[in-house]
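Chain residues, written in single-letter form:
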Amino acid sequence: MLENFAARVRSLEPEGAYRMLARARALEAEGREIIHLEIGQPDGPTFDHISRAGIRAIEDGQTRYSPAAGLERLREAIAREAGARRGIEVRPSQVVVGPGAKPALFFPTLALIEAGDEVIYPDPGFPTYAAMIAVAGGTPVPVPLREEHDFGVDLELLAERVGSRTRLIILNSPSNPTGGVLARPALEQIAELVIRHGIWVISDEIYARLTYDVEALSIASLPGMAERTIICDGFSKTYAMTGWRLGFGIMPQALAERVELLLTHAVGSTATFTQVAGLAAIDGPQDPVVQVVGEYRRRRDLMVEGLNAIPGVRCRTPQGAFYAFPNIMAFGRDSEWLADYLLEEAGVAVLAGSGFGRAGEGYLRLCFAASQDSIRAALARMSEALARLGPS
Ligand code: PLP
């Protein structure tokens, strides 16, 4: 049956998070009580003033099509705010708004990649990267992120993998699933490589506001990089708006115009009232974000300390995003087996690291955007179930 479909979709697979969520829900339907650490989204509701702005927009009749690249006033606000935050000048014509951040990954890739072009991307990494490279007909070139390098990019290996066919490098800092943040010296070396070879960069900065003790620098702010970087960012994680579907890309204007055409024909436009809510998010108070990040930090510390207290588990402290990525190799089982075991035996839903790429094998991803009580309970259950298994 599969052979009836175009090659570009044959290799596509579901995101592990959705598969695990479905399995967890099935167990819940049988009466089991499951702690959810699988899906990567804030546990709290969208901030009140943002929701109200969205509701008011619907009541005011702002329910019609909007321009494909987004409402002009939202593009202006994003250009101003996202530019200032990164210390770069951004014109509204460089901003393309879409339903979530994913279109700002997918459509620039479609706009840039010809069949056979090589695309370098992080492994382990967000599964959409491999999917969009496949759909664009590109050749995927994963670069492993190693625990011993604090999940930063192995710069020597990266330099080796860049060749005459390399067209695009995808960066994600802070990273899903590792929580690693790329420091300035690493970004400077990558920028030097990219400029020397005339390569494009997609810099996925969706977690840029969720950092602990460090700042996530944008590679676009380095000299000569703005004209070859697509910044991907959005509202889902920062403002707890995952279901509203609102994100944006910032890129050179000529590319933005191509991406706008892809949006026109593939999506039409982003929901108008969602964009009005996004405007309220940018223009409104930012202290709810600061408060939430403070709470995430406490949850991170609780989770990392708890994981490291389990014999056989070893976990680095993530500097950003809301994921812990513990090493579970001591149990001698693959990560999918262990994730299934923890779901069945402990009632804790976590993701197998292998769902993020080959180099993710041997790890689990746990989202700590869950209440401290849930994290404590999950740790206790996991500790007991893993003790029954015992490190080998
Ligand atoms: N990039 C990364 C690294 C993510 O983890 C996610 C969501 O999980 C996205 C992009 C997509 O964000 P959105 O839900 O706004 O499309």
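A.B. asks: How should I be thinking about the overall build of the protein chain in this particular structure?
C.D. replies: A tally of helices and strands in the protein chain yields 13 helices and 12 strands. In terms of overall dimensions, the protein chain has C-alpha extents of about 60 × 55 × 50 Å along its principal axes. A sequence separation of at least 24 residues applies to 75% of the contacts in the protein chain between residues at least 6 apart. Element-wise, carbon and sulfur atoms account for 51% of the exposed surface of the protein chain, whose accessible area totals about 16,900 Å². Positive and negative side-chain charges in the protein chain, numbering 39 and 48 respectively, have mean positions lying 2 Å apart.

A.B. asks: Sorry if this is basic, but what is going on with the sheet that holds strand β9 (residues 323-324) here?
C.D. replies: What links the strands of a sheet is backbone hydrogen bonding, and the strands pair in either a parallel or an antiparallel sense. Strand order in this open sheet of 3 strands is β9-β12-β11, and the pairing throughout is antiparallel. The open sheet has two edge strands, β9 and β11 (351-352), and neither has a second partner. As paired elements, β11 and strand β12 (residues 364-367) share 2 bridges and run antiparallel to each other. Bridging from a neighbouring strand, Ala352 pairs with Leu364 of β12.

A.B. asks: Is there a simple way to think about the domain arrangement of the protein chain in this case?
C.D. replies: Many authors give the size of an interface as the accessible area that is lost as the parts come together. If you check the domain split of the protein chain, you get domain 1 (2-46 + 287-389) and domain 2 (49-283). Once you take the C-alpha centre of each, domain 1 and domain 2 turn out to be 24 Å apart. Contact residues are listed per partner, giving 35 residues for domain 1 and 40 residues for domain 2. In this assembly, domain 1 packs against domain 2 so that about 3,200 Å² is buried in total across both faces, 57% of it on carbon and sulfur atoms. By the criterion of area lost to domain 2, the three top residues of domain 1 are Thr46, Arg316 and Gln319, representing 22% of everything that side buries. Between Glu15 and Lys102 there is a salt bridge, and its shortest N-O distance comes to 2.8 Å. Summed over the shared surface of domain 1 and domain 2, the result is 21 residue pairs in polar contact (both at pLDDT 80 or more). With 6 residues, helix α11 (residues 287-308) is the single largest residue contributor to the side of domain 1 that touches domain 2. For the side of domain 1 that touches domain 2, the per-class residue count stands at 16 nonpolar, 11 polar and 8 charged.

A.B. asks: Can you walk me through the site of the ligand in this structure?
C.D. replies: Residues in close proximity to the ligand total 13 residues, the closest being Asn176, Asp204, Tyr207, Ser236 and Lys237. In the environment of the ligand, an oxygen atom lies 2.9 Å from a nitrogen or oxygen atom belonging to the backbone of Ala101. Arg245 places a polar side-chain atom, nitrogen or oxygen, 2.9 Å from an oxygen atom of the ligand. When its residues are assigned to classes, the shell around the ligand shows 5 nonpolar, 4 polar and 4 charged.

A.B. asks: When you look at the packing of helix α2 (residues 16-29) against helix α12 (residues 335-346) in this model, what are you seeing that I'm missing?
C.D. replies: Taken N-terminus to C-terminus, the directions of α2 and α12 make an angle of 20°; their axes are 11 Å apart at the nearest point. One element, α2, and the other, α12, form an angle in the roughly parallel class. Considering the relative orientation of α2 and α12, their crossing is right-handed. In this structure, α2 contributes Met20, Arg23, Ala24 and Leu27 to the contact, and α12 contributes Ala339, Asp340, Leu343 and Glu344.

A.B. asks: Sorry, what's going on with the packing of helix α4 (residues 72-86) against helix α10 (residues 272-283) here?
C.D. replies: To describe two helices that pack against each other, one gives the angle between their axes and the distance between the axes. It is at 10 Å that the axes of α4 and α10 come closest, and there the two elements cross at 30°. Compared by their axis directions, α4 and α10 come out roughly parallel. Crossing angle aside, the handedness with which α4 passes α10 is left-handed. Residues Arg73, Leu74, Ala77, Ile78, Arg80 and Glu81 of α4 pack against Gln275, Val276, Gly278, Leu279, Ile282 and Asp283 of α10. Classifying every residue of the contact of α4 with α10 gives 6 nonpolar, 2 polar and 4 charged.

A.B. asks: Is there a simple way to think about unusual backbone geometry in this case?
C.D. replies: With the exception of glycine, the majority of residues adopt a negative phi angle, and the majority of peptide bonds are in the trans configuration. The omega angle of the peptide bond from Ser173 to Pro174 is -5°, so this bond is cis rather than trans. By the secondary structure assignment, Pro174 is in the loop between β5 (166-172) and α8 (184-197). In this model, Asn176 is joined to Pro177 through a cis peptide bond whose omega is 20°. Even without being glycine, Asp150 reaches a positive phi, approximately 55°. Inspection of the secondary structure puts Asp150 in the loop between β4 (139-144) and α7 (155-161). In this structure Asp150 comes out as partly exposed when scored by relative accessible area, which is 40%. A positive phi angle, close to 75°, is found at Asp213, a residue other than glycine. Secondary-structure assignment places Asp213 in the loop between β6 (200-204) and β7 (229-234).

Conventions adopted
Residues numbered from 1 in each chain as written. Predicted model: local features only at pLDDT ≥ 70, side-chain atom pairs only at ≥ 80, totals over all residues. Heavy atoms only, no water. Helix = DSSP H or I, 4+ residues; strand = E, 2+ residues; numbered from the N terminus. Contact = heavy atoms within 4.5 Å. Areas by Shrake-Rupley, 256 points an atom, 1.4 Å probe, with all protein chains shown as cover. Lys, Arg positive; Asp, Glu negative; His and termini not counted. Charge placed at Lys NZ, Arg CZ, Asp CG, Glu CD. Pairing = 2+ DSSP bridges. Domains from an automatic or database assignment. Buried area = accessible area lost by both parts, 1.4 Å probe. Salt bridge = Lys/Arg side-chain N within 4 Å of Asp/Glu carboxyl O. Polar contact = N/O pair within 3.5 Å; in protein donor to acceptor, adjacent residues only side chain to side chain. Nonpolar A, V, L, I, M, F, W, Y, C, P; charged D, E, K, R; others polar. Near = heavy atom within 4 Å. Axes fitted to C-alpha atoms, helices over the stretch in contact; angles between N-to-C directions. Parallel < 35°, antiparallel > 145°, perpendicular 65-115°, else oblique. Left-handed = near helix turned anticlockwise from the far one by under 90°. Buried < 20%, exposed > 50% of the residue type's maximum accessible area, 1.4 Å probe, protein only.

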